[in-house]
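Each chain, written out:
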Amino acid sequence: MPKIAIDPITRIEGHLRIEAQVDAGQVKDAWASGTMFRGIELILKNRDPRDAWAFAQRI
Amino acid sequence: MGEASGSIYDSLRKKGVSRRDFMKFCSLMAATLALPVGGAAKIAEALEKAPKPTLVWLEFQDCCGNTESFLRANDPTVAQIVLDLLSVDYHETIMAPAGKQAEKSLYDVVKNQKGKYLVVVEGAIPLKDGGVYCTVGGRAAIDIAKEVCGNAMATIAMGACAWDGGIPGAAPNPTGAVGVKDAVKDITLINLPGCPANVVNLTGTIVHLLTFGSLPLTDSMGRPLFAYGHRIHDDCERRAHYDAGRFVQIWGDEGHKKGWCLYQMGCKGPETFKNCPAQRWNQGTSWPVEAGHGCIGCAAPHFWDTMTPFYKRIEQVPGFGVEATADKFGAGLAAATAAGLIVHRIARASKKKSSEEEEK
Ligand code: SF4
Ligand code: SF4
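Just so we're clear, the structure is a prediction, and the values are computed from it rather than from any experiment.

**Observations concerning the domain arrangement of chain B**
Residue and element names in this part refer to chain B.
Thought 1: With domains assigned, chain B is organised as domain 1 (8-227) and domain 2 (229-359).
Thought 2: Taken together, the 30 residues of domain 1 in the interface contact 23 residues of domain 2.
Thought 3: Of the roughly 2,300 Å² buried between domain 1 and domain 2, counting both surfaces, carbon and sulfur atoms make up 49%.
Thought 4: Joining domain 1 to domain 2, the criterion identifies zero salt bridges.
Thought 5: Split into classes, the residues belonging to the side of domain 1 that touches domain 2 amount to 17 nonpolar, ten polar and three charged.

Below, the structure is given as structure tokens:
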């Protein structure tokens, strides 16, 4: 079964890749992956809790 | 997107922008860039002839905040002019094509307009583990940046993340995130730090390039002086309260209601250089300090680490208003020994008028 990948998915915020398995024009299976990681949770650790809003608000 | 023919003015006229609005825009730009008398006419003359430059916009470890800022130019006419100044050939968040077609638009520009196009970078570039923490079209951000910025006429790093790694680069920097200046060497680069950067400063930079054929003058950190040459604290409308020792002590107290100085609440205006008090935000309606919250220092180097905790007041207020630019300020920072408000108030009495360092 042929597999297609659409990367980047545009008109959204964030980096997204979609892979799909296509059989006779029908999608049989699909996988989505976010292709960007920053580790905001790790960055937030041990900080002043009052600052959390600024760190965690972003998408 | 994609139409790159005709001068900027022609294309604006076709879209119904009046001569009057066009001249208003040129005056706004001349004021933003602090150009001497005749600046607006010079800008108008240049934009009447200049072809639209092609721009590609790269998003890496970003949150789209600078895109939001870009798409929210001050008023409909200005917004139209800003979008019309440029032929935006690639921008993931707003472009119609996706996948391979999108990537083709990008690499067509790199190939066919080598050395002639502009790049805006938004977001940091992760270097750890072979750059796997940010990929687009299966390619690592660092490889894309090297190729696309390396072949451009100039690169504009927009926002804190593209400047010095910003929030992804904050301790412990899990992904080895850096800004463009540390990721790609030997390119023509200007930095517009901030979280986000103000679209007025992006427009000003591009208009300067179109009018004078060069990027605006910068400080030692690669930031244009027209936008980052003044300290927030020196242009702040609450400054009189600071000087008089009238401080907000608790959120919502009498002083807060009366608009007193936010220094004790952690305002980082005394250590931050950006033109927020003059250019403001949200259609020019307000800016953080006017809205009643301290400046969090978003244009300062590594501000997520150096300016936090945001609500803790800065122990030392370096530079009693004598420094005109961030470069001199750096020296003042090292030399500053005064702690507390009393010392500061005495020193203020001997404050000298800062000399204008703006480009003339
Ligand atoms: S400390 Fe902040 S609120 Fe007070 S004068 Fe300076 S910039 Fe304005
Ligand atoms: S007021 Fe301070 S924190 Fe707010 S945008 Fe301006 S420089 Fe950044």
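**Section: the site of ligand 2**
Thought 1: Lining the immediate surroundings of ligand 2 are B:Ile232, B:Thr272, B:Lys274, B:Cys276, B:Trp281, B:Trp287, B:Pro288, B:Cys295, B:Ile296, B:Gly297 and B:Cys298.
Thought 2: Judged by the fraction of its atoms near the pocket grid, ligand 2 is located in the largest pocket.

**Things to note about the site of ligand 1**
Residue and element names in this part refer to chain B.
Thought 1: Close to ligand 1 lie 13 residues; His233, Cys236, Cys261, Leu262 and Cys267 are nearest.
Thought 2: Of all the secondary structure elements, the ones that give two or more residues to the shell around ligand 1 are helix H12 (232-235) and helix H13 (239-244).
Thought 3: Classifying every residue of the shell around ligand 1 gives nine nonpolar, two polar and two charged.

**Some remarks on the layout of surface pockets**
Thought 1: For the largest pocket, the calculated volume is near 1,000 Å³.
Thought 2: A:Gln57, B:Cys195, B:Pro196, B:Trp281 and B:Pro288 are the residues nearest the centre of the largest pocket, which is lined by 48 residues in total.
Thought 3: At the level of elements, helix H4 (65-71), helix H8 (160-164) and helix H16 (288-291) of chain B are the ones that each hand at least two residues to the lining of the largest pocket.
Thought 4: Ranked by residues supplied to the lining of the largest pocket, first place goes to H4(B) with four residues.
Thought 5: Taken domain by domain, the makeup of the lining of the largest pocket includes at least three residues from each of domain 1 (8-227) and domain 2 (229-359) of chain B.

**Details of the sheet that holds strand E7 (residues 154-158) of chain B**
Residues and elements named next belong to chain B.
Thought 1: Here we have five strands laid out as an open sheet, ordered E2-E1-E3-E7-E9, and parallel in their pairing. Since the sheet does not close on itself, it has two edges, and those belong to strand E2 (87-91) and strand E9 (189-192), each with one partner. Taking each pair of neighbouring strands and ignoring which way they run, the sheet shows an average axis angle of 20 degrees.
Thought 2: As judged from the five bridges shared by strand E1 (residues 54-59) and strand E3 (residues 118-122), these two strands associate in the parallel manner. Residue pairing for E3: leucine 58 is matched across the bridge by valine 121.
Thought 3: In the packing of helix H6 (residues 99-112) onto the sheet, contacts are made with E1 and E2, and the angle to E2 comes to roughly 130 degrees.

**A few points about the interface of chain A and chain B**
Thought 1: Counting residues at the interface gives 27 residues for chain A and 39 residues for chain B.
Thought 2: Of the roughly 2,700 Å² buried where chain A meets chain B, counting both sides, 57% is carbon and sulfur surface.
Thought 3: Between the two partners, chain A and chain B, sit one salt bridge.
Thought 4: A salt bridge links B:Asp305 to A:Arg47; the nearest nitrogen and oxygen atoms lie 2.8 Å apart.
Thought 5: Applying the counting rule to chain A against chain B returns 19 residue pairs in polar contact (both at pLDDT 80 or more).
Thought 6: Secondary-structure elements contributing two or more residues to the side of chain A that touches chain B are helix H1 (40-44) and helix H2 (52-56) of chain A.
Thought 7: Counted by class, the side of chain A that touches chain B contains 13 nonpolar, four polar and ten charged residues.

**Quick look at the nonpolar core**
Thought 1: Formed by 43 residues in total, the largest nonpolar core has its most connected members in B:Ile43, B:Leu47, B:Leu55, B:Leu85, B:Leu86, B:Leu202 and B:Ile206.
Thought 2: In terms of residue count, helix H10 (residues 199-212) of chain B provides more of this core than any other element does, seven residues in total.
Thought 3: With near-sequence residues (within four places) excluded, B:Ile43 lies in contact with B:Cys26, B:Met29, B:Ala30, B:Leu33, B:Leu35, B:Val207 and B:Thr211.
Thought 4: One finds A:Met36, B:Val121, B:Cys134 and B:Ala157 within the second-largest nonpolar core, a separate group that totals 31 residues.

**Regarding empty space enclosed by the protein**
All names here are of chain B.
Thought 1: All chains considered together, the criterion is met by seven cavities of 30 Å³ or more.
Thought 2: The space that makes up the largest cavity amounts to roughly 90 Å³.
Thought 3: Lining the largest cavity are 13 residues, and of these His233, Cys236, Cys261, Leu262 and Cys267 lie nearest its centre.

**Structural notes on the sheet that holds strand E2 (residues 16-23) of chain A**
Backbone-to-backbone hydrogen bonds pair the strands of a sheet. The strands run either parallel or antiparallel.
All names here are of chain A.
Thought 1: If you walk across this open sheet you meet the three strands as E1-E2-E3, and the pairing is antiparallel. Edge positions in the sheet fall to strand E1 (3-6) and strand E3 (26-34), since each has one partner strand and no second. Neighbouring strand axes in the sheet, compared pairwise and without regard to direction, differ in orientation by 20 degrees on average.
Thought 2: Here E1 runs beside E2; their pairing, made up of four bridges, is antiparallel. Bridge pairing in E2 links alanine 5 to glutamate 19.

**Re the environment of B:Glu48**
Residues and elements named next belong to chain B.
Thought 1: Examined against the element boundaries, glutamate 48 turns out to sit in helix H3 (residues 39-49).
Thought 2: Residues glutamate 48 and aspartate 10, spaced 38 residues apart in sequence, show a C-alpha to C-alpha distance of 7.2 Å.
Thought 3: Beyond its immediate sequence surroundings of up to four residues, glutamate 48 is in contact with Ser7, Tyr9, Arg19 and Phe22.

About the thresholds
Residues numbered from 1 in each chain as written. Chains lettered and ligands numbered in written order. Predicted model: local features only at pLDDT ≥ 70, side-chain atom pairs only at ≥ 80, totals over all residues. Heavy atoms only, no water. Domains from an automatic or database assignment. Contact = heavy atoms within 4.5 Å. Buried area = accessible area lost by both parts, 1.4 Å probe. Salt bridge = Lys/Arg side-chain N within 4 Å of Asp/Glu carboxyl O. Nonpolar A, V, L, I, M, F, W, Y, C, P; charged D, E, K, R; others polar. Near = heavy atom within 4 Å. 1 Å grid on protein atoms, 1.4 Å probe; cavity = no way out; pocket = protein on both sides within 12 Å on 5 of 7 lines; lining within 4 Å. Sits in = over half its atoms within 2 Å of the grid points. Helix = DSSP H or I, 4+ residues; strand = E, 2+ residues; numbered from the N terminus. Points joined across faces, edges and corners; volume = space filled by probe spheres on them. Pairing = 2+ DSSP bridges. Axes fitted to C-alpha atoms, helices over the stretch in contact; angles between N-to-C directions. Polar contact = N/O pair within 3.5 Å; in protein donor to acceptor, adjacent residues only side chain to side chain. Core = buried A, V, L, I, M, F, W, Y, C linked by side-chain atoms within 4.5 Å. Buried < 20%, exposed > 50% of the residue type's maximum accessible area, 1.4 Å probe, protein only.

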